[in-house]
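A structural walkthrough
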Amino acid sequence: VVQIGPPHEVYRHPANTFVARFLGGPPMNLLSAEVDARGATVGIGSFRAAIDSAGGTRPAAGPVTFGIRPEDVYEAPPSGLEHRLGALSVQVTAVEPLGAETLVMLRLADSGTELIARLGRQSSLVAGATTTVFLDLGEVHLFDPATTDAISGVVLSPAGDKA
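Quick caveat: nothing in here was measured; it's all calculated off a predicted structure.

So, how was this worked out
Every chain begins its residue count from 1, and numbering advances along the sequence as written. At least 70 in pLDDT is required for a residue's local features to be given in this predicted model, at least 80 for side-chain atom pairs to be given and counted, and no such filter applies to totals for whole chains, interfaces and linings, which use all residues. Computation of side-chain values covers all heavy atoms of the structure but excludes hydrogens and water. Put simply, DSSP marks the helices as runs of H or I at least four residues long and the strands as runs of E at least two long, and each gets a number from the N terminus on. Two residues form a contact once any of their heavy atoms are found within 4.5 Å. Within this scheme, the nonpolar core is defined by two criteria: the residues are buried Ala, Val, Leu, Ile, Met, Phe, Trp, Tyr or Cys, and they are joined through side-chain atoms within 4.5 Å. Exposure is judged per residue with a 1.4 Å probe applied to protein chains only, and the accessible area is read against the type maximum: over 50% gives exposed, under 20% gives buried, and values in between give partly exposed. One requirement defines pairing of two strands: DSSP has to find at least two bridges between them. Angles run from 0 to 180 degrees between N-to-C directions of axes, and those axes are lines fitted to C-alpha atoms, restricted for helices to the stretch in contact. Under the pairing criterion, centres of Phe, Tyr and Trp rings, with the six-membered ring standing for Trp, must be within 6.5 Å; the plane angle then separates stacked pairs below 30 degrees from edge-to-face pairs above 60, leaving the rest tilted. A ring has a charge above it when a Lys NZ or an Arg CZ is no more than 6 Å from the ring centre and no more than 35 degrees off the ring normal.

A few words now on the side chain of Arg-12. Relative to the elements of secondary structure, Arg-12 occurs in helix α1 (residues 7–12). Residue contacts for Arg-12: discarding those within four places in its chain leaves Arg-69, Glu-71, Asp-72, Glu-139 and His-141.

Below you can see the structure in the form of structure tokens.
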């Protein structure tokens, strides 16, 4: 047993990368990322998100694992979340319409890192397209790549001019 708790709590706040990938289909995207030397931003390729000092926790500089669930990646900015969205340039590599939802495989434009998005059935994305998707930074999890444990208390926000 790795983590005990109500299913929704375990799903939304996994203790480590095993739990993050075990629960959910498709599983959480786990991407290699880097915290800058000042501990002020975390980045994947040219994408940067600010580590908000009000959150209380700043991970050490160096590699981290950046986790985001497929349903927290958006084709268009959802109303009410604009203040916590990060824009990511991607190429669409595959689209799988499943009726009520569409799974979209994406490749980051500058690093080649792959991730999956769970979008609505009305998605207009097509394979081969280059576009921007939006990450809900309020739902990102950071994990220690050595121990795979969650780094708790980290709050991310759009980098803007903080990078």
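What follows continues from the structure just given.
Turning next to the nonpolar core. Counting residues in hydrophobic clusters, the biggest one holds 29 residues, and the most contacted among them are Val-42, Phe-66, Val-73, Leu-88, Leu-106, Leu-135 and Leu-156. Broken down by secondary-structure element, the contributors of at least two residues to this core are β1 (29–35), β2 (41–44), β3 (47–51), β4 (62–68), β6 (85–97), β7 (101–108), β8 (114–120) and β9 (130–136). Apart from the residues lying within four places of it in its own chain, the contact partners of Phe-66 are Asn-29, Leu-30, Leu-31, Ala-33, Val-42, Ile-44, Phe-47, Leu-135, Val-140, His-141, Leu-142 and Leu-156.

As a further point, take the pairing of β4. In the case of a regular strand, side chains alternate between the two sheet surfaces. Taking burial as the measure, the 7 residues of β4 include 6 buried ones, the bulk of the element. As judged from the 7 bridges shared by β1 and β4, these two strands associate in the antiparallel manner. Bridging from a neighbouring strand, Ala-33 pairs with Val-64 of β4. As judged from the 3 bridges shared by β4 and strand β10 (residues 141–143), these two strands associate in the antiparallel manner. Paired with Gly-67 across the two strands is His-141, which belongs to β10.

Right, let's get into the sheet that holds strand β11 (residues 156–158). The strand order across the open sheet built from 6 strands is β10-β4-β1-β2-β3-β11, with neighbouring strands paired in antiparallel fashion. With one partner strand each, in any of the chains shown, β10 and β11 form the two edges of the open sheet. Between one strand and the next, the sheet's axes are offset by a mean angle of 40°, whatever the strand orientation. Bridge analysis of β1 against β2 gives 2 bridges, and the strand direction is antiparallel. Pairing of Val-35 across the sheet is with Val-42, part of β2.

Turning our eyes to something else, we now look at the packing of aromatic side chains. Applying the stated criterion across every chain, the model contains 2 aromatic pairs. Note on Phe-18 and Phe-22: the rings are 5.5 Å apart at their centroids and 20° apart in plane angle, and the pair reads as stacked. Of this pair, Phe-18 and Phe-22 both sit in helix α2 (residues 17–22), 4 residues apart, roughly one helical turn. Of the two residues, Phe-18 and Phe-22, both sit in the exposed class. Judged by centre distance (6.3 Å) and plane angle (85°), the rings of Phe-47 and Phe-66 are edge-to-face. In this pair, Phe-47 sits in strand β3 while Phe-66 sits in strand β4, placing the two residues 19 residues apart along the sequence. Of the two residues, Phe-47 and Phe-66, both sit in the buried class. The ring of Tyr-11 carries Arg-69 above its face, with NZ or CZ at 3.9 Å from the centroid.

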